[in-house]
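A structural walkthrough
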Amino acid sequence: AALFSDYDAAYLELNPHDATSRGDNRLDDRLEDGISPAYLARESAMVNDYLARLDAIDRASLSPREQVSADTFRFTLELLRDRHAGGFARAQSLMPISQFNGMHIELPQLGSGSGIQPFVTSDDHRRWLARAAQWPAWADQAIANMREGIKEGVVLPRVVAERLLPQLSAHVVDAPEKSVFWGPVAKLPKTTEGKALEAQYRELIGTRIVPAYRKLRDFVEKEYLPATRSSVGRGALPNGTAWYALDIRQHTTLHRSADEIHAIGLEQVKLLHAEMEKVQGRLGYEGDLKAFFAAVRKDPR
């Protein structure tokens, strides 16, 4: 229990947005890093430290429930250890944004005034202003990483990178009031302190948030997009097959190859089709399954 408690505290130090999502607001003034070499080194050291501490505990002395907890903890740590040892954690940091993930998406989710970041007290606003002020440095680190990725051939598919442009452009506005980051201003009290905080929002959005989005957008459009790849799969990246195998292990907990997983999927589809053909026969529908599915969608019965 002490090990888990210590790890949780260390984990939140590295991942303060997770603390915010839990309603633990002590770290609300910190922007999550996740991509810098310093962050990766700290995470790797933390994983190895806690694996060593876990190894020092006699598993046989634990209750069945504690053994399950220890085994689950070990699986998580070993997976992360192998991501670092194989170079995959670093490789992922060279592709720090995508159309689904990245600080360019997470920041407005936090700072719109309607997400998990609280904006109730003046201190809440000050913590957010401090957190968001770190965005330009994060964007600069992302650009540096992506330039390194270009050199090493670890880049996004072009079809993904193209979808970044409208996401980034949405935050390049010509007035702070037009920004989604202006949302919390409506929650400020109509006091002298509230007016002072509003001025800080105006300065932050106009001189830090928007310029960093513009810089990142221009980099993706002019420098990164021409260097992206036409392939889409993980396997096309350096050491991509091993990287994909690690992803399979994470999502399934199994040491199975991609071909084995695919074969399981095909077999499951075959079984489902066989069951649906029985249903089709009982209902008296003619034709193939495709025609049957179309009929089911249209038939009010």
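Residues numbered from 1 in each chain as written. Predicted model: local features only at pLDDT ≥ 70, side-chain atom pairs only at ≥ 80, totals over all residues. Heavy atoms only, no water.

Our focus in this paragraph is the overall build of the protein. Assigned secondary structure in the protein consists of 14 helices and zero strands. Counting from the amino terminus, the protein carries its helices and strands in the arrangement α-α-α-α-α-α-α-α-α-α-α-α-α-α. For 301 residues, the compact-globule formula gives about 19 Å, and the C-alpha radius of gyration of the protein, at 25 Å, lies well above that figure. Principal-axis analysis of the C-alpha atoms gives the protein an extent of 75 × 60 × 45 Å. Among the 301 residues that make up the protein, the fraction classed as buried is 38%. Summed over all atoms, the accessible surface of the protein reaches about 16700 Å², with 55% contributed by carbon and sulfur. Within the protein, one finds 39 positive and 41 negative side-chain charges whose respective centroids are separated by 4 Å. (Helix = DSSP H or I, 4+ residues; strand = E, 2+ residues; numbered from the N terminus. Rg over C-alpha atoms; globule rule 2.2 N^0.38 Å. Buried < 20%, exposed > 50% of the residue type's maximum accessible area, 1.4 Å probe, protein only. Areas by Shrake-Rupley, 256 points an atom, 1.4 Å probe, with all protein chains shown as cover. Lys, Arg positive; Asp, Glu negative; His and termini not counted. Charge placed at Lys NZ, Arg CZ, Asp CG, Glu CD.)

What follows concerns helix α8 (residues 135–152). It helps to recall that an α-helix has 3.6 residues per turn; residues three or four apart then point in one direction. End to end, α8 covers 26 Å across 18 residues, agreeing with the expected 26 Å (1.5 Å per residue, within 8%). Residues of α8 that are buried include every one of W135, W138, A139, A142, I143, N145, M146 and G149, and no others. Seen end-on, α8 carries its buried residues on one side only, within an arc spanning 165°. Counted as exposed and oriented over 90 degrees from the buried face of α8: A137 and K151. (Expected span 1.5 Å × (residues − 1). Arc of directions from axis to C-beta.)

Time to look at the packing of aromatic side chains. Here the structure, examined in full by the defined rule, presents 13 aromatic pairs. Ring geometry for F4 and F73: centres 5.0 Å apart, planes at 75°, overall edge-to-face. Taken as a pair, F4 in helix α1 (residues 2–14) and F73 in helix α4 (residues 64–85) lie far apart in primary sequence, 69 residues in all. Connected via pairs of aromatic rings, a cluster forms that spans F119, W128, W135, W138, F181 and Y213. Sitting above the plane of the W243 ring, R234 keeps its charged end 3.9 Å from the centroid. (Phe/Tyr/Trp six-rings, centres within 6.5 Å; stacked < 30°, edge-to-face > 60°. Lys NZ or Arg CZ within 6 Å of the ring centre and 35° of its normal.)

Enumeration over the complete set of coordinates arrives at 25 salt bridges. In this structure, E162 and R158 form a salt bridge, with 3.1 Å as the shortest nitrogen-oxygen distance. Here E162 and its partner R158 are both found in helix α9 (residues 158–162), four residues apart, which amounts to about one turn of the helix. Look at the salt bridges and you will find they share partners, linking D55, R74 and E78 into a network. (Salt bridge = Lys/Arg side-chain N within 4 Å of Asp/Glu carboxyl O.)

A separate point is the side chain of T20. Among the secondary structure elements, T20 is positioned in helix α2 (residues 16–21). Overall, the relative accessible area of 2% leaves T20 in the buried class. For T20, the residues in contact, after removing those within four places along its chain, are D28, I116, Q117, P118 and R131. (Contact = heavy atoms within 4.5 Å.)

We now examine α4. Compared with the 32 Å implied by 1.5 Å per residue over 22 residues, the 31 Å span of α4 between its first and last C-alpha is a close match. Turning to α4, its buried residues number three or more, namely Q67, A70, F73, L77, L79, L80, R83 and H84. The inward-facing, buried residues of α4 abut α1, α3 (37–55), α5 (88–93) and α12 (240–252). Where α4 terminates, the next one or two residues include G87, which has phi positive at roughly 85°.

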